[in-house]
Amino acid sequence: MYEPIRTKSVHSTMAGTTSDFPHRSREEELDIQLAGHLAALLAVTDELRSAAPSADLDEAAERLAEQVARLRGGVTPVRMSVAPAGTDLTTLHERAHALAGRALVVAASRADTAAAILSAERMDAHREALEPRELASR
């Protein structure tokens, strides 16, 4: 009554073919996320250093670069040499504070103490940099 199917079905499960694409562990994914957040924070820190040089920002940039290199298996991050013209310091500090917060969340979920401490320190530093401006604008 019914003719048997002679061709392979186009509807197949992935049950037996899991090696078709690379898999990463949760820790590897968190490493990638954390390195990305810290690299973005490093870029903003370099912009701030270019616009308003300070020893604190120099030290922070070096520590951030070390952490990014550690998370990327020794590959050093690309650094910014000159900030774009018309850079607003308040906006940069706000962006850096947000990026440090994201890095802190990922570092905490990954249990990376060094990155978490560095992220928290950078959040505090950028918040302090914003406070005098907030008080002056009131």
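Here, every reference points to the structure presented above.
My aim in this report is to walk through the structure given alongside it, one point at a time. (Residues numbered from 1 in each chain as written. Predicted model: local features only at pLDDT ≥ 70, side-chain atom pairs only at ≥ 80, totals over all residues. Heavy atoms only, no water.)

Another aspect to go through is the packing of helix α1 (residues 26-51) against helix α3 (residues 89-110). The N-to-C vectors of α1 and α3 enclose an angle of 160 degrees; their axes lie 9 Å apart at closest approach. The angle between α1 and α3 falls in the class roughly antiparallel. As α1 runs across α3, the sense of the crossing is left-handed. Looking at the contact of α1 with α3 residue by residue, the classes come out as 16 nonpolar, four polar and seven charged. (Axes fitted to C-alpha atoms, helices over the stretch in contact; angles between N-to-C directions. Helix = DSSP H or I, 4+ residues; strand = E, 2+ residues; numbered from the N terminus. Parallel < 35°, antiparallel > 145°, perpendicular 65-115°, else oblique. Left-handed = near helix turned anticlockwise from the far one by under 90°. Nonpolar A, V, L, I, M, F, W, Y, C, P; charged D, E, K, R; others polar.)

Before going further, it helps to examine the packing of α1 against helix α2 (residues 55-71). Running from amino to carboxyl end, α1 crosses α2 at an angle of 155 degrees, the nearest separation of the two axes being 9 Å. Between α1 and α2, the angle is such that the two are roughly antiparallel. Here α1 runs over α2; the crossing is left-handed. The segment α1 lies against α2, with Asp31, Leu34, Ala35, Leu38, Ala39, Leu41, Leu42, Thr45, Asp46, Leu48 and Arg49 engaging Leu57, Asp58, Ala61, Leu64, Ala65, Gln67, Val68 and Leu71. (Contact = heavy atoms within 4.5 Å.)

Our next topic: α2. With 17 residues, α2 should cover 24 Å at 1.5 Å per step; its first-to-last C-alpha distance of 25 Å lies within 8% of that length. Taken together, the buried positions of α2 are Leu57, Ala60, Ala61, Leu64, Ala65, Gln67, Val68, Ala69 and Leu71. Positive backbone phi, approximately 70 degrees, marks Gly73, located one or two places after α2. (Expected span 1.5 Å × (residues − 1). Buried < 20%, exposed > 50% of the residue type's maximum accessible area, 1.4 Å probe, protein only.)

What follows covers the side chain of Gln67. With respect to the element layout, Gln67 can be found in helix α2. Leaving out residues up to four positions away in the same chain, Gln67 has contacts with Leu38, Ala114, Ala115 and Leu118.

Turning next to the nonpolar core. In terms of nonpolar packing, the biggest core is built from 26 residues, with Leu34, Leu38, Leu41, Val44 and Leu64 touching the most fellow members. Looking at this core, the elements with two or more residues in it are α1, α2, α3 and α4 (113-137). Per-element tally for this core: the top contributor is α1, with nine residues. When neighbours within four sequence positions are excluded, Leu41 is seen to be in contact with Leu64, Ala96, Leu99, Ala100, Arg122 and His126. (Core = buried A, V, L, I, M, F, W, Y, C linked by side-chain atoms within 4.5 Å.)

Considering the arrangement of structural elements, one finds Ser109 in helix α3. Considered as a pair, Ser109 and Glu27 are 82 residues apart in the sequence and their alpha carbons are 9.5 Å apart.

With that out of the way, let us pick up the pattern of salt bridges. Counted by the stated rule, this structure contains 13 salt bridges. Notably, a salt bridge pairs Asp112 with Arg110, separated by 2.6 Å at the nearest N-O pair. With relative accessibility at 6%, the residue Asp112 sits in the buried group. The partly exposed category is assigned to Arg110, whose relative accessible area is 23%. Note that Arg127 is salt-bridged to Glu131, the shortest N-O span being 3.4 Å. With Arg127 and Glu131 both in helix α4, this residue pair falls four residues apart, about one helical turn. Residue classification places Arg127 among the partly exposed residues on the basis of a relative accessible area of 38%. (Salt bridge = Lys/Arg side-chain N within 4 Å of Asp/Glu carboxyl O.)

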